[in-house]
Amino acid sequence: MALDRFGRNIHYLRISLTDHCNLRCVYCMPEDMIFRPNAELMQDDEVLLLVRLFTSLGFDKFRLTGGEPTVRANIVKLVGQIADTPGVNSLSMTTNGVSLSRLARPLAEAGLNRVNISIDTLNPENFRRLTRWGSLEDVWAGILAAEEAGLTPIKLNAVIVHGYNEAEVTGLAKLTLNNPWQVRFIEMMPFAGATDLQIRQMVTAEQIKNIIEAQLGPLEIVNGGQLDGEARLFRIPGAAGDVGFISSVTEPFCAACTRARLTADGRLRLCLLREGEVNLLKPLRSGANLEELRQTILDAIWHKPWGHGLAEGVIPLNRVMSEIGG
Ligand code: SAM
Ligand code: SF4
């Protein structure tokens, strides 16, 4: 078991499989983003070895993210190999959904359990403005393909950006009326790359909830207000699905954190919003033995920071969001 010095059992690993992406969302990266050469990224055998190491330390829940995980070469094969690793009890993916109409079924057959799909707007023009390069139609087809392939329950992630998509909050929430989906509104967090926009145009979870309630009436609390992962869940009365709020900035859930992150270039990042990282790929490539690597991971986890420092104005600027994996 990997414990940190605050007694939290860290057993959930989010792996960024690549920093590359086929979109350029305004809140995530600059349009002229330069990606790392593939040789600097973890190769398939390195990912698999690290997954085995983490399972040996009690990690049982894994999420593949990026950048865009589906642009990684041989993604279906890699998913199958991770899913087959003893100790991997839950394997999910966060994706922009663009390629899911093609990949949902093969990924499900390879052993992927669930997907979170990002969709910030239901308006095609707004979608293009927010993602710069994307087509809403592709993502919508991807959502339906994921549901058909059984990658359920479907969770949809929406980042609300002032001046872009606040007006669509209620429309997104209404997707839950007839679909058993979870639509989760994520507060925009500040990183390098788009820091000014991330700070200036952030909309809080409370503001988003107020917009929905002003139009649809009070939301019902789900699970007595307990967190579901990082989301606090509500329901439009009578709806088939839930509306979630992820208030990482205004109401952090650090006390309940059970996760660590592996960046695409093989650094163990202990907190999404803190710069501290421990390089695992370098010792792996220079022949460290597995026991040494296990100890490095355990030490790093022991020193996981309690939480982020956004309230004190501490913003992590060493990476853009897509390199860390959301
Ligand atoms: N490309 C995939 C996607 O978009 O779903 C996976 C990677 S993306 C970095 C993971 C999640 O982080 C997405 O839901 C995205 O909307 C969210 N995200 C990106 N930048 C963010 C930011 N600055 N603050 C909050 N969430 C952000
Ligand atoms: Fe790509 Fe996801 Fe970042 Fe959008 S949020 S640019 S889809 S990594």
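Keep in mind the model is a prediction, meaning the values are calculated, not measured.

Notes on the overall build of the chain
Looking only at helices and strands, the chain features 11 helices and 13 strands. Computed over C-alpha atoms, the radius of gyration of the chain comes to 19 Å, within 12% of the 20 Å expected from 2.2 N^0.38 for 326 residues, which places it in the range of a compact globule. Each of the three principal axes of the chain carries a C-alpha extent, and together these read 60 × 45 × 40 Å. Residues classed as buried in the chain amount to 55% of the 326 residues present. Put simply, 73% of the contacts in the chain that link residues at least 6 apart link residues at least 24 apart. Accessible surface computed for the chain: about 13400 Å², of which carbon and sulfur atoms make up 51%.

Structural notes on the nonpolar core
Of all hydrophobic cores here, the largest spans 72 residues; its most connected members are F185 and L268. Among the elements that take part in this core, helix α1 (residues 44-56) stands out by supplying 6 residues, more than any other. What L268 contacts, discounting residues up to four positions off in sequence, is L13, F54, A260, R261, L262, G276, E277, V278, L280, I297, A300 and I301. Formed by 32 residues, the second largest nonpolar core is a distinct cluster that contains C25, V161, A192 and L310.

Thoughts on the site of ligand 2
Close contacts around ligand 2 come from C21, L23, R24, C25, C28, M29, G67, N96 and S322, and that covers them all. Within the shell around ligand 2, the residues separate by chemical class into 5 nonpolar, 3 polar and 1 charged.

With respect to the site of ligand 1
Residues in contact with ligand 1 amount to 20 residues; listed here are only the nearest, Y27, G67, E68, S118 and M189. Contacts to ligand 1 include E68, whose side-chain N or O atom sits 3.0 Å from a nitrogen atom. In this structure, S118 approaches ligand 1 through a side-chain N or O atom, which is 2.6 Å from an oxygen atom. Summarising the interface, the protein chains cover 96% of the accessible area of ligand 1, which totals 540 Å² for the free molecule. Mapped onto the shell around ligand 1, the elements with two or more residues apiece are β3 (90-95) and β5 (155-159). When the residues that make up the shell around ligand 1 are grouped by side-chain class, the tally is 8 nonpolar, 10 polar and 2 charged.

Side note on the state of the cysteines
Here, the word disulfide means a covalent bond between the sulfur atoms of two cysteines. Tallying each qualifying case throughout the model produces 0 disulfides. C254 takes part in no disulfide bond, and the closest cysteine sulfur, belonging to C271, lies 6.2 Å away. Residue class for C254 comes out buried when judged on its relative accessible area of 16%.

Topic: a nonpolar patch on the surface
Taken together, the side chains of M1, L3 and W302 make up a nonpolar region of the molecular surface, amounting to roughly 350 Å² of accessible area. Within the secondary structure, L3 sits in the segment before β1 (12-16).

Observations concerning helix α2 (residues 75-83)
Residues of α2 that are buried: I75, L78, V79, G80 and I82. Looking at the packing, one finds that the buried side of α2 touches α1, β2 (61-65), β3 and α3 (100-110).

Some details on unusual backbone geometry
Note that the residue after T152, namely P153, is joined by a cis bond; omega there is 0°. By the element assignment, P153 lies in the loop between α5 (136-148) and β5. Phi at N74 is positive, roughly 60°, even though this residue is not glycine. Topologically, N74 is positioned in the loop between β2 and α2. Positioned with a positive phi, R132 is a non-glycine residue whose angle comes to about 65°. Within the secondary structure layout, R132 lies in the loop between α4 (124-131) and α5.

Details of the environment of E187
Structurally, E187 is set in the loop between β6 (182-186) and α7 (195-200). On a C-alpha basis, the gap between E187 and G58 in space is 30 Å, while along the polypeptide they are 129 residues apart. E187 has contacts with M202, V203, T204, A205, I246, S247, S248, V249 and T250, leaving out every residue within four places of it along the chain. A distance of 3.0 Å separates a polar atom in the side chain of E187 from the backbone nitrogen of V249.

Examining the packing of helix α6 (residues 169-178) against helix α8 (residues 205-216)
Two numbers describe how α6 lies on α8: the axes approach to 9 Å, and their chain directions differ by 75°. If you check the angle between α6 and α8, you find them roughly perpendicular. Note on element contacts: α8 touches α6 through I208, I211, I212, Q215 and L216, opposite V169, T170, A173 and K174. When grouped by side-chain class, the residues that make up the contact of α6 with α8 number 6 nonpolar, 2 polar and 1 charged.

Cut-offs used in this document
Residues numbered from 1 in each chain as written. Chains lettered and ligands numbered in written order. Predicted model: local features only at pLDDT ≥ 70, side-chain atom pairs only at ≥ 80, totals over all residues. Heavy atoms only, no water. Helix = DSSP H or I, 4+ residues; strand = E, 2+ residues; numbered from the N terminus. Rg over C-alpha atoms; globule rule 2.2 N^0.38 Å. Buried < 20%, exposed > 50% of the residue type's maximum accessible area, 1.4 Å probe, protein only. Contact = heavy atoms within 4.5 Å. Areas by Shrake-Rupley, 256 points an atom, 1.4 Å probe, with all protein chains shown as cover. Core = buried A, V, L, I, M, F, W, Y, C linked by side-chain atoms within 4.5 Å. Near = heavy atom within 4 Å. Nonpolar A, V, L, I, M, F, W, Y, C, P; charged D, E, K, R; others polar. Polar contact = N/O pair within 3.5 Å; in protein donor to acceptor, adjacent residues only side chain to side chain. Disulfide = S-S within 2.5 Å. Patch = residues over 30% accessible without salt bridge, like charges linked within 9 Å, V, L, I, M, F, W, Y side chains within 5 Å. Salt bridge = Lys/Arg side-chain N within 4 Å of Asp/Glu carboxyl O. Axes fitted to C-alpha atoms, helices over the stretch in contact; angles between N-to-C directions. Parallel < 35°, antiparallel > 145°, perpendicular 65-115°, else oblique.

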